[in-house]
Amino acid sequence: MASNVVAIVGENANGILDVQSRRFMDLLPAGLTGHVLCLSDPGFLTRLDALLQNGIRFAWGYAGVGARLAVGGRNVWEAAEVPFISVLADAPFIMPANHHVRSAWVVNGYIYREWLDLQRAQFRAPQVSALLPLGVIPNPAAHAPWSRRLHRMVFVKGGADPARQRAHWAAWPPVLRAVLNDCADVLAAQGTGPILPTVQACLSAHSLVLDGRKQLLFGLLHELDTYIRTLRATTVALALLPLGATIIGDGWGHLPPGRASVLPGMDAAGLDALYADTQVLVNVTPNLGSGAHERVLRGFAARACVASDSNDHARAHLHALPSFHGLDWHGQDLADRLAALFHDPAPYDDRLDAAQAWVERRHSPAAFLDGMADLAALARMQGVMSGYALDAA
C-alpha cells in the first residue's frame, strides 16, 4: 500500500491551518511520509500529479480545502481512487459546498457532534460523514515555570464591531430582518451553545419555513453565528480593557481606549511560544456545546490557566480542573471575575498537571491521525462493496 499522506492547505488569516497541517505530518507513524501542498503554489498540480503517480495512502484538508479539486470536470480523488478526508471544525453553513461533495472517495470528518447532526438533518450529503477526534500537539515549551512567565493574561482573537454588522440587516427583507433581530436578542441573553434550536423556534414563531431553500436558511444561520461570536468576543475584550491584559488580533478598532495592550494578529507559528509564556489564556468558544475550542486545549498543553466561557462540555468535563475558570460571557459579573483572576496573587505552578494530563489523554495527536486513517479505510471499503449500491447492475 502507498506510503504517502498528503495535506492540502489554502491561505487563511494567520496561517494556522498550514502550521497545524505541517506539524501533524511530522507526527505520522513509521512507514508513512507526509507532504503539505498549498493550493496557491504555482507548482501545486505538478507536485500532486507526481505524488498520485507514486501512490497516496490518503489526502486530507482542514475545512474541506481540496475536497472539490477537479481536473477535466472530474473530482481528482474519485478519478485516482484516493481517499480524501475533510477535517471539519467549523459550522457547515459557513462553506456549505465543502460539506456536500458528490464523491464516494471524499469523507467528512467532523470535530464536533453539532456539525455532524446538522449534516444529517439539513445537508444529507451523498458521502460518508463521521466524527473525528480533535488532536492537540504537545507544546515543546510547556516546561517554562508558570510563576516566571512574561504575560499575565492574553486573549488571542480577531475582532469586529457587532453593532456595525447588525446595522447591515436593515437591507434585508422585512421578514428575515425580523427573524434576525429577534434571534439575536434571544441568543445574546443565553450562554454559549448551539444556535439552531433558537433559530428554528424563531422561524416557527414568524410562520416561516426555509427548509426547502437551504441557501436562505444557511445564510441566516451564518449571519447569526457571526454576530453572536463577534458580540461574545467584544464583550470579553471590553471586560479586559481596564486590566493590564494583552489582546492580540486584528479588527479591534471599535474598542475604546483602556489599559490593555491591543496588538495586531500574529503568525500562528509563534502561538506555542506565546501560550507557554502566558499565565492566563482567555478564550471565547464558537456556538457549540459538545466540545472545547482548540485554544482551551492548547492552553492546557502549554500549562497555562485558561479562562473561557462555559458550555455543556466545559461544565461536564473542565470545571473540575484546577487551572480552568469557566465564565458566563453574558453575565453581569464577567468583568469582576476576570479582574479577580488577573489580580489573584496565588501561584498555579502545582495546579497545572491535571489539565495537561487530561488533554494528553483525551486529545492525543495519534488519535486524530488514526481517525483519519480509519475514515480512509472506510472510503476504500466502498469499492469492495460496490455490488450493494442501489444502482448496481
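Residues numbered from 1 in each chain as written. Predicted model: local features only at pLDDT ≥ 70, side-chain atom pairs only at ≥ 80, totals over all residues. Heavy atoms only, no water.

Novice: Could you give me a rundown of the nonpolar core, with the residues and numbers involved?
Specialist: Residues Trp-60, Leu-220, Leu-224, Phe-300, Leu-318, Phe-368 and Met-372 are the most contacted members of the largest nonpolar core, which totals 70 residues. Residue contributions to this core peak at eight residues, all from helix α8 (residues 214–240). (Core = buried A, V, L, I, M, F, W, Y, C linked by side-chain atoms within 4.5 Å. Buried < 20%, exposed > 50% of the residue type's maximum accessible area, 1.4 Å probe, protein only. Helix = DSSP H or I, 4+ residues; strand = E, 2+ residues; numbered from the N terminus.)

Novice: Please provide a residue-by-residue account of the pairing of strand β7 (residues 106–110), values included.
Specialist: Most of β7 sits out of view: five of its five residues are buried. Across the two faces of β7 the burial is the same, with Val-106, Asn-108 and Tyr-110 and Val-107 and Gly-109 all buried. Bridging between strand β6 (residues 84–88) and β7 involves five bridges; their strand directions are parallel. Residue pairing for β7: Val-87 is matched across the bridge by Gly-109. Direction of pairing for β7 relative to strand β8 (residues 129–131): parallel, over a ladder of three bridges. (Pairing = 2+ DSSP bridges.)

Novice: Hey, could you go over the packing of aromatic side chains for me, with residue numbers and the actual values?
Specialist: According to the stated counting rule, one finds ten aromatic pairs in the structure shown. Aromatic side chains Phe-24 and Phe-368 sit 4.7 Å apart centroid to centroid with 50° between the ring planes, which places their arrangement in the tilted category. Of the two residues, Phe-24 sits in helix α1 (residues 16–25) while Phe-368 sits in helix α14 (residues 365–384), which places them 344 residues apart along the sequence. The same class applies to Phe-24 and to Phe-368, which are both buried. When the centroid spacing of 5.2 Å and the interplanar angle of 25° are considered together, the rings of Trp-77 and Phe-84 count as stacked. Each member of the pair Trp-77 and Phe-84 is classed as buried. A cation over an aromatic ring shows up here: Arg-351 above the ring of Tyr-348, its NZ or CZ 3.8 Å from the ring centre. (Phe/Tyr/Trp six-rings, centres within 6.5 Å; stacked < 30°, edge-to-face > 60°. Lys NZ or Arg CZ within 6 Å of the ring centre and 35° of its normal.)

Novice: Please give an account of the packing of helix α6 (residues 174–188) against helix α7 (residues 196–205) that cites residues and values.
Specialist: In the contact formed by α6 and α7, the axes pass within 10 Å of each other and the chain directions differ by 135°. Accordingly, the angle class assigned to the pair α6 and α7 is oblique. The handedness of the crossing between α6 and α7 is right-handed. For the pair formed by α6 and α7, the contact residues are Val-179, Asp-182, Cys-183, Val-186 and Leu-187 on the first element and Thr-198, Val-199, Cys-202 and Leu-203 on the second. Of the residues that constitute the contact of α6 with α7, the class distribution is seven nonpolar, one polar and one charged. (Axes fitted to C-alpha atoms, helices over the stretch in contact; angles between N-to-C directions. Parallel < 35°, antiparallel > 145°, perpendicular 65-115°, else oblique. Left-handed = near helix turned anticlockwise from the far one by under 90°. Contact = heavy atoms within 4.5 Å. Nonpolar A, V, L, I, M, F, W, Y, C, P; charged D, E, K, R; others polar.)

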